[in-house]
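# Tertiary structure, described
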Amino acid sequence: AGEAVFAAVDLGATSGRVITGRVGPGKLELAEAHRFANTPVRLPDGLRWDVLALYQGMLDGLREVGRTGPVASIGVDTWAVDYGLLDGDGALLGLPFHYRDARNSGAAERLPDGCGVRELYAVSGLQHLPFNTVFQLLAHRTTAQWEAARTLLLMPDLLVHWLTGSVGAEITNASTTGLFDARSGDWSDALIGRLGLERALFPPLREPGAPAGTLLPHVAEYTGLPGGTPVTTVASHDTASAVAAVPATEADFAYISCGTWSLAGLELDGPVLSEESRAANFTNERGVDGTIRYLRNIMGMWLLEECRRVWERAGAPLGLGGLLADAAGSRPFAAVIDPDDASFLAPGDMPARIDAYLLRTGQTPPRTPGGYVRCVLESLALAHRRTLRRAAELAGRDPVRIHLVGGGSRNELLCQWTADASGLPVTAGPAEATALGNILLQARAHGLVDDLSGMRRLVAGTQDLRHYEPRGNRRDWDRAEDRIGLRHDQAAAG
Ligand code: LFR
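Bear in mind the structure is a predicted one, so any value in this text is a computation, not a measurement.

## Section: the overall build of the protein chain
For the protein chain, the helix and strand inventory stands at 18 helices and 21 strands. Rg of the C-alpha trace for the protein chain: 22 Å, near the compact-globule value of 23 Å for 494 residues, within the 12% margin. Along the first, second and third principal axes, the C-alpha set of the protein chain runs to 60 × 55 × 50 Å. Counting all 494 residues of the protein chain, 51% fall into the buried class. Counting contacts in the protein chain only where the partners sit at least 6 residues apart, residues at least 24 apart contribute 75% of the total.

This is the structure in structure tokens:
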């Protein structure tokens, strides 16, 4: 078998990257071609993605790639749920909204009688997040733009459309809209109809691995890549790509994809749509090859990113390394938060919000940045364990290891504390799981890798991983969690 180079465009909430991956037998090597900031812009009517800057960053990255030679194909992944609307001429109507825009709070109240959150869950199996596409659409449809809208494209599908002219809805990401049927694996005509949305807005679904067209002539010219360079559909939801690249070699594993969000859960063969699962707010998002990503969103590194933004603005730029060293030296279990408290979702003064949460729960706010960092990381470790225990219980599984992938896997404190709190060994890495998943889906479509487990074996055999064994006393973690009243009683699980 041969060897080939693929390009992955991977856009995250804070930065975008274009990365190349060389794949061959026993070989999987990444090289970053270009990295650029993703800076949302607040307009009078809300928080928007600067989609033109993202597109331009992607083109510049592909031009860097073009300097080094041709690629076998290109794949695009981004965060989920957000979308652009196209008019009948194919023009983008306005700038896509950011999922953290305030217009989404309260969107669930716009659901019509007889089609409430229970009915939505029974079909879509999607966790209730205020920014799910379905709620954004119910807010959007009162605007003038809505009248002109003919096609809805999720972010990666929009970028692929601009690269190739082709129109489609990639299935892993479509499953985050709330308008997708978790059982049938198709758009839910029933939900779309009951909510009074136009069925024609939603393009035909595409599976990861399917061809998505070739570069338009002006794109080929700008990037220097050969005309006819194919774009391959990947698992365009970044979390689905990351889960596809989890280096699991055992069957019973749990994963945490940790970046701006921590997505913690299990890979299942079928959805869990019970009322219990809904009440626990677990999602059944689509993975590669019809698998289900049974997981919950945990607020993740966002808490730390926003703290650092505030400290930097206050003129105290603190490097991450220094902050983590200070956190390691701060008093353990001094303060605990529920990372998923709604007050932490929107951009803003995170240290002040943490203070408010702590005062509300009878705790004392930290006095140093290191104290806040310790509070955030210990609280995330607890949220990781809480979420994975509940997922295992609801799905009737018994994971023996946690794979922690994504940028957060570089954070040794978080990895160790996740192991300590949960009592399970943690394998950390790769940090670039999303880009690897993107590349591997393309490599598979080109016949260089066999199947999902072959992809994972290749990651396990080629990438640097670290192992953390649980240490310390789990009782300390229990007591800390009791303070926020969120302890999950394992006795109930038997
Ligand atoms: C992670 C992620 C999550 C999704 C959130 C918002 O980057 O894609 O999976 O819930 O962003 O789209």
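## What about the pairing of strand 2 (residues 15–24)?
Within strand 2, 7 of the 10 residues are buried, leaving the element largely enclosed by the surrounding structure. For strand 1 (residues 4–11) and strand 2, the ladder comprises 8 bridges, and the chain directions are antiparallel. Across the sheet, the residue bridging to Ala4 is Val23, located in strand 2. Where strand 1 folds back onto strand 2 in an antiparallel hairpin, the turn is made up of 3 residues.

## Some words on the site of the ligand
All residues in the neighbourhood of the ligand are listed as Trp79, Ala80, Val81, Tyr99, His237, Asp238, Thr239, Gly259, Thr260, Trp261, Leu263 and Asn297. Grouping the amino acids of the shell around the ligand by side-chain chemistry returns 6 nonpolar, 5 polar and 1 charged.

## Section: the confidence of the model for the protein chain
Mean pLDDT over the protein chain: 95, with 98% of residues reaching 70 or higher. Across the interface, the model reports ipTM at 0.99; the global pTM reads 0.97.

## Regarding the nonpolar core
What tends to happen in soluble globular proteins is that the nonpolar side chains get buried as a cluster. Ranked by size, the top nonpolar core spans 141 residues in total, and within it Ala7, Ala244, Ala245 and Leu440 carry the most contacts. For this core, the element with the highest residue contribution is helix 14 (residues 369–395), accounting for 12 residues.

## Details of the packing of helix 11 (residues 302–313) against helix 14
Contact geometry for helix 11 and helix 14: axes closest at 10 Å, N-to-C directions at 165°. Between helix 11 and helix 14, the angle falls in the class roughly antiparallel. For the crossing formed where helix 11 meets helix 14, the hand is right-handed. Packed against helix 11, whose contacting residues are Leu303, Leu304, Cys307 and Trp311, the element helix 14 presents Pro369, Tyr372, Val373 and Val376 at the interface. Taken together, the residues that form the contact of helix 11 with helix 14 break down as 8 nonpolar, no polar and no charged.

## Let's talk about the sheet that holds strand 18 (residues 292–298)
Strand order in this open sheet of 7 strands is 17-18-16-15-19-20-21, and the pairing throughout is mixed. Whereas interior strands pair on both sides, the edge strands pair on one side only; in this sheet they are strand 17 (283–286) and strand 21 (466–468). Strand-to-strand twist across the sheet, computed as the mean angle between neighbouring axes with direction ignored, equals 30°. The sheet contact formed by strand 16 (residues 262–268) and strand 18 spans 7 bridges and is antiparallel. When the sheet's bridge partners are listed, Glu267 is paired in strand 18 with Arg293.

The rules behind each value
Along every chain, residues carry numbers that run from 1 in the direction the sequence is written. Note on the predicted model: pLDDT of at least 70 is required for a residue's local features to be given, and 80 or more for side-chain atom pairs to be given and counted; whole-chain, interface and lining totals, by contrast, use all residues. Counting from the N terminus, the helices are the DSSP runs of H or I reaching at least four residues and the strands are the DSSP runs of E reaching at least two. With the radius of gyration taken over C-alpha atoms, the globule rule is written as 2.2 Å times the number of residues to the power 0.38. In this scheme the burial state of a residue depends on its C-beta neighbours within 10 Å: 20 or more other such atoms mean buried, 12 or fewer mean exposed, and anything in between means partly exposed; the C-beta positions come from the backbone. A residue pair is marked as a contact if its C-beta atoms, positioned from the backbone, fall within 7 Å. Two strands pair under a simple rule: DSSP has to find at least two bridges between them. Nearness here is judged by the C-beta atom: place it from the backbone, and if it falls within 6 Å of a molecule or strand, the residue counts as near that partner. Residues are grouped as follows: Ala, Val, Leu, Ile, Met, Phe, Trp, Tyr, Cys and Pro are nonpolar; Asp, Glu, Lys and Arg are charged; all remaining types, including Gly, are polar. Scored from 0 to 100, pLDDT reflects the predictor's confidence in each residue. Any nonpolar core is a set of buried residues, restricted to Ala, Val, Leu, Ile, Met, Phe, Trp, Tyr and Cys, that join up through C-beta atoms within 7 Å. Axis definition: a line fit to C-alpha positions, over the contact stretch in the case of helices; interaxial angles, taken between N-to-C directions, run 0 to 180 degrees. Should an angle fall under 35 degrees it is called roughly parallel, over 145 degrees roughly antiparallel, and 65 to 115 degrees roughly perpendicular, with every other angle called oblique. Two helices crossing with the near one rotated counterclockwise from the far one by less than a right angle form a left-handed crossing, whereas a clockwise rotation gives a right-handed crossing.

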